[in-house]
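Commentary on secondary and tertiary structure
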Amino acid sequence: MDRCEHEVMTLYLARRAVVALLVAVTGVFLLPSAPASAHPLGNFTVNTHVGLRVEPEAVAVRVVVDSAEIPTVQAFGATPPAPGSAEAVRYSEAECASMAEQLVVDVDGRRAALDVQSTALVFPPGAAGLVITRLTCDARTTEPVETVGTTIVVSGTPAQDRVGWHEVVAVGDGVTLPSSDVPTQSISDVLRAYPEDLLQSPLNQTGARLVVAEGSGVVSGGTTDDGRPSPSVPLDPLTERFTELVGSPDLTLLLAVLAFFGALFLGGLHAFAPGHGKALMAAYLVGQDGSWRQASLIGASVTVTHTAGVLVLGVVLSTLAVTTPERLYPWLGLASGVLVCGIGTTLLRRAVARRRADDAPARHGDEHDHDDSPDHAHDHDHEHDREPAHTHVGTAVAAPPVPHRHGTGPVHSHAVATDARGLLAVGFAGGLVPAPSAVVVLLGGIALGRAWFGVLLVLAYGIGMAIALAGTGLLLVHARRRVQRWAVAPGGAAWGGAAFSWLPVAAAAFVVAVGIGLTVRALLQM
Amino acid sequence: MTRRRLVAAFVALALAPVLFLVGGVAFKGGGGVPPSGAAPVVEAGSLTAGSNDLAAGVTALQARLKRLPEDWTAWASLGSAYVAQARVTADPTLFVKADEAFARSLEVRPESNDYALVGQAYLANARHEFASGRDLAEQAVAVDAYDSTAYGVLSDSLLQLGEYDAAFAALQRMLDLRPGVSAFTRASYSFELRGDLEGARATMQRALDAASSPADKAYASYYLGQLAFDTGDLDEAQARFEQGLARYPASFELAVGRARVLAARGEADEAVAAWARAVQRLPQASYLVEFGDYLTSLGRDEEAAEQYAVADAAGLLARESGVVPDVEVAIYDADQGRVEQALAAAEAQYAERRSVHVEDAYAWALHAAGRDTEALEHALAAQRLGTRSALFAYHRGMIQASLGMDAEARVSLSEALAINPYFSPLYAPVAEQELDELGGPV
């Protein structure tokens, strides 16, 4: 079996392993979600959330209406329209317009008209195969309105006469609210988790009275988003489609599997978006002349870090009601950039040191030793006899110019340890900044009461990213080997050997440059 | 150094699945709901107007229990208040909360705690578990033979089980112990069951006079109006409903009563608007069916189908949460031609209890299945207390007509229309037509 066959085999096995993993993971995560539960507040409640955000020259209002199974049937009949369909859009626009019309925002006694900015409508699954409705309306005051120094009185909140949970929250953004008769945070997590305290009745807030004063501009608490981390993170249409898929009222196994592979694909695609760690990863792998094992380690590290990062961000966003994840991103970017700088510097130092040590002649052997990853060397000794390039290896091992790097036993274990650390760090840096679209998918899942599914999709997303990143890196490594084999072969280009001996240094320098770039970008965003 | 960093890397890797799990758990909020939800319960003696009073009472009790968590009577009262709220809102979590509140009360005072026992009986009745309601109420009576509420709840259970003699005895005991609003309203219902509508009216008037809370007053006003309506006295009914609404505009029952009168008077636009508002506010199956029947009688089949669809969804939800379908559901299914479903619902009820309402529903389901001989037996059993119900008489008459018992059918249908010519917008005309074919009223 030559190398090419071997790699095909490895790829095949890897693919089988991935498929097996997917099947296992999908099964585990889909089973518990099978029995749908009734609406926590009763089958015919209509629950409302009115989130007010007072800015110096505007009032932004988010209205969320969570209707249980019966009112959903009352509104749509037995089969609700597909999310995003013309009927759904018509319904949400009409409902939001009428809510904006009925909601009275009095600023010092003068009513400020509201404009609906955006609407969203989803149908999370309910009991008995029925669905429930979650309508979100975002509105803003039509005309600029000076709020500082005024008293704002809000009334006319929707569905007051219907049985259910009715809450109002208010925060200042760029202003403070020294007096307010409503809380700053939703204790129901914006109608997602109703408190089950024995001594707590459903809220019944139907208005608010706010005194507005000059202030720091720090958002104090706030109305969390309905599945979208922030309007300032624009969603590509693909992700939008995808979130809709997750929100589809009847989630069949087929649909779930499709969504899983969709997430895998999106993750892969995301890895190719500009500004991602793929250049870094490729540089690292090329510089170190990486193997499958190294690439998989990086991949695993990316997946784990990215998944954990998205989950942490998801927890932060959905529990702490932070409105502005974009404030978090530069920090994560900075951490990632500093980490990459560190990795690059280490690599650079090592590469330069090695070049100095290797100023002696046996350069080819040096390179070719690195060419072979440990498992090749151990498992496939017979290959060395067949491939011409490996005859050099034999020579090099026979006459090691730098003993501590070329010994047989300890060399490999040392290399593995060093590599594992670096590889994990590279993967960590690559996965540290959560992809906004993954966060959206997760929050979408949570919003729809399908948190586990959201988590599963985020995992798939990370795996997709990892496969794409590691794959790119390996392709480049492969290309490098081809070029190198040609360049250093007898009769090849005379400059080849010299160029390749500089490659690790160049790659390390590139990694440092990427790290500096990331750091500067993060700092500029702050 | 290297090892330490490696350890750190492994810790990070090992932590990932934990984060993963924690994440999943933390996000789960709002998911799991106990399956013990019950169907909307609306029956004589359980309607509560002005849920705001109730909410205020609940808030006061909650505040007290936060200060005094050992107050076992307050825990029992809170449980009962939750049951009362659940009857208005059909919120199944309130039943669960009520259950927990009673358990807390019994935790503090496990022995001789008749308050908690009465509460549990009340909860059992609300969940249509009348036999267990009776047993619990009997335990409460055994603890305190002078607990008037215990007798009241016991009589509720016994009435639903069809054990009328025992029920009336328990009710008499309640009246002897504390002749108040609760006793009078129950007494009024017992007169109504026995066909003494004048006695029912007079007793309900006493309840209204004795009532002090707006909720009680609205409730008594509604029943006085409804008693008038059930005898076809639209003027009296309308006066009662509108006077009541003027004072208690938030009362759901009074709004429904007014919609019925408007429908009976033929003021279709106003009636439909009133009905639509009512079922928007409180979409309980029995009201949805009644509104659907009214729309059908107007020839507005499409709108009727919308209401029936909502009622069907409510039925689906109730069945899924393991609730025995109500007798109204059996009658509705029979009217919709879903014979097997109707029979199953009625038989399930009949196996549990034999009240006159269950007999009537079972008779109607059997009639729909073409088993008229058996149906007549049960239709006559529904009549065993002498209840003057237009609907009972209509069902009996139609069954007799199917059996070719023309003379008896003619008497029954005449009786139905004499009791209340407006008893159903959909079936009163059917009764009239059938009666014409039989030779007109007796």
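This structure is a prediction, so every number in the text was calculated from the model and none was measured.

All right, on to the overall build of chain A then. Counting its regular elements, chain A contains 17 helices and ten strands. By residue count, 47% of the 526 residues in chain A fall in the buried class. Pairs at least 24 residues apart make up 82% of the contacts formed inside chain A by residues separated by at least 6 positions.

Each helix and strand counted, chain B has 23 helices and zero strands in total. Put simply, chain B has 442 residues, and 54% of those count as buried. Residue pairs in contact within chain B that sit at least 24 positions apart in sequence constitute 53% of those at least 6 positions apart.

This paragraph deals with helix 10 (residues 197-210) of chain B. Residue and element names in this part refer to chain B. Between the first and last C-alpha of helix 10 there are 20 Å, a value that for 14 residues agrees with the 20 Å anticipated at 1.5 Å per step. All of the buried residues along helix 10 are Ala200, Thr203, Met204, Ala207 and Leu208. Projection of helix 10 onto a plane perpendicular to its axis shows the buried side chains occupying an angular sector of 150°, all on one side. Turned more than 90 degrees away from the buried face of helix 10 sit Glu198 and Asp209, all of them exposed.

To continue, consider the pairing of strand 8 (residues 166-172) of chain A. Residues and elements named next belong to chain A. Counting buried positions along strand 8 gives seven out of seven residues, so the element sits mostly inside the fold. Note: strand 1 (residues 46-55) against strand 8, seven bridges, orientation parallel. When the sheet's bridge partners are listed, His49 is paired in strand 8 with Glu167.

Okay, the nonpolar core next. In summary, soluble globular proteins display a tendency toward joint burial of nonpolar side chains. Membership of the largest hydrophobic core comes to 191 residues, with the highest contact counts inside it found for A:Ala170, B:Ala278, B:Ala330 and B:Ala365. Not counting residues within four places of it along the chain, the set of residues in contact with B:Ala278 comprises B:Phe252, B:Ala255, B:Val256, B:Ala259 and B:Tyr287. Core analysis: the next-biggest nonpolar cluster, separate from the first, contains 65 residues, A:Cys341, A:Ala435, A:Ala466 and A:Ile467 among them.

What follows covers unusual backbone geometry. Phi at A:Asp108 takes a positive value of approximately 50°, unusual for a residue other than glycine. Residue A:Asp108 is classed as partly exposed on the basis of its 14 C-beta neighbours within 10 Å. For B:His128, which is not a glycine, the phi torsion comes out positive at approximately 65°. Of note, B:His128 is situated in the loop between helix 5 (114-126) and helix 6 (130-143).

Quick look at the packing of helix 20 (residues 372-381) of chain B against helix 21 (residues 390-402) of chain B now. All names here are of chain B. Viewed as axis vectors pointing N to C, helix 20 and helix 21 meet at an angle of 150°, and their least axial separation amounts to 9 Å. The angle between the axes of helix 20 and helix 21 places the two elements in the roughly antiparallel class. Where helix 20 crosses over helix 21, the handedness of that crossing is left-handed. When helix 20 is examined against helix 21, the residues Asp372, Ala375, Leu376 and Ala379 are found in contact with a partner set consisting of His395, Arg396, Ile399, Gln400 and Ser402. Classifying every residue of the contact of helix 20 with helix 21 gives four nonpolar, three polar and two charged.

A few words on the sheet that holds strand 1 of chain A. Residues and elements named next belong to chain A. Ordered by their spatial adjacency, five strands build an open sheet running 5-6-2-1-8, and the pairing between neighbours is mixed. Here the strands that pair on one side only, and so sit at the sheet edges, are strand 5 (114-122) and strand 8. Looking at each pair of strands side by side, their axes are set apart by 15° on average, direction ignored. Note that strand 2 (residues 58-67) and strand 6 (residues 133-141) share eight bridges and pair antiparallel. Looking at the pairing, Ala60 lines up with Arg140 of strand 6. Contacting strand 1, strand 2 and strand 6, helix 2 (residues 69-76) crosses the sheet at an angle of about 100° to strand 2.

Residue and element names in this part refer to chain A. Buried residues dominate strand 2, accounting for eight of its ten residues. Here strand 1 pairs with strand 2 via ten bridges, running antiparallel. By the bridge assignment for strand 2, His49 is matched with Val64. Connecting strand 1 to the antiparallel partner strand 2 that follows it, the hairpin turn spans two residues.

Residue and element names in this part refer to chain A. Of all residues in chain A, 62% attain a pLDDT of 70 or more, and the chain-wide mean is 70. A low-confidence stretch, residues 1-37 (pLDDT under 50), is modelled with 26 contacts involving residues beyond four sequence positions or located in other chains. With pLDDT under 50 throughout, residues 361-418 is counted as low confidence; its partners more than four residues away or in other chains account for 56 contacts.

Turning our attention to the confidence of the model for chain B. Residue and element names in this part refer to chain B. Scored by pLDDT, chain B comes out at a mean of 85, with 86% of its residues at no less than 70. Here residues 1-50 is modelled with pLDDT under 50, and outside its nearest four sequence neighbours on either side it reaches 103 contacts, counting other chains as well. For this predicted complex, the interface confidence comes out at an ipTM of 0.75, alongside a pTM of 0.59.

The next thing to look at is the packing of helix 11 (residues 214-230) of chain B against helix 13 (residues 252-264) of chain B. All names here are of chain B. Running from N to C, helix 11 and helix 13 cross one another at 20°; their axes reach a closest spacing of 9 Å. When the axis of helix 11 is compared with that of helix 13, the two are roughly parallel. Regarding helix 11 and helix 13, the two cross each other, and that crossing is left-handed. Residues Ala218, Ser221, Tyr222, Gly225, Gln226 and Phe229 of helix 11 form the contact with helix 13, whose own contacting residues are Glu253, Leu254, Gly257, Arg260 and Val261. Residue classes in the contact of helix 11 with helix 13 are distributed as five nonpolar, four polar and two charged.

Looking now at the environment of A:Leu348. Checked against the element boundaries, A:Leu348 lands in helix 8 (residues 329-357). Leaving out residues up to four positions away in the same chain, A:Leu348 has contacts with A:Val505, A:Ala508, A:Ala509 and A:Val512.

All names here are of chain B. Looking at where Ile419 falls in the secondary structure, it is placed in helix 22 (residues 406-419). Judged by the 20 C-beta atoms lying within 10 Å of it, Ile419 falls in the buried class. Residues Ile419 and Ser389, 30 residues apart in the sequence, show an inter-C-alpha distance of 7.1 Å. What Ile419 contacts, discounting residues up to four positions off in sequence, is Thr231, Arg388, Ala390 and Ala393.

Parameters at a glance
- Residues numbered from 1 in each chain as written.
- Chains lettered and ligands numbered in written order.
- Predicted model: local features only at pLDDT ≥ 70, side-chain atom pairs only at ≥ 80, totals over all residues.
- Helix = DSSP H or I, 4+ residues; strand = E, 2+ residues; numbered from the N terminus.
- Buried ≥ 20, exposed ≤ 12 C-beta atoms within 10 Å, placed from the backbone.
- Contact = placed C-beta atoms within 7 Å.
- Expected span 1.5 Å × (residues − 1).
- Arc of directions from axis to C-beta.
- Pairing = 2+ DSSP bridges.
- Core = buried A, V, L, I, M, F, W, Y, C linked by C-beta atoms within 7 Å.
- Axes fitted to C-alpha atoms, helices over the stretch in contact; angles between N-to-C directions.
- Parallel < 35°, antiparallel > 145°, perpendicular 65-115°, else oblique.
- Left-handed = near helix turned anticlockwise from the far one by under 90°.
- Nonpolar A, V, L, I, M, F, W, Y, C, P; charged D, E, K, R; others polar.
- pLDDT = per-residue confidence, 0-100.

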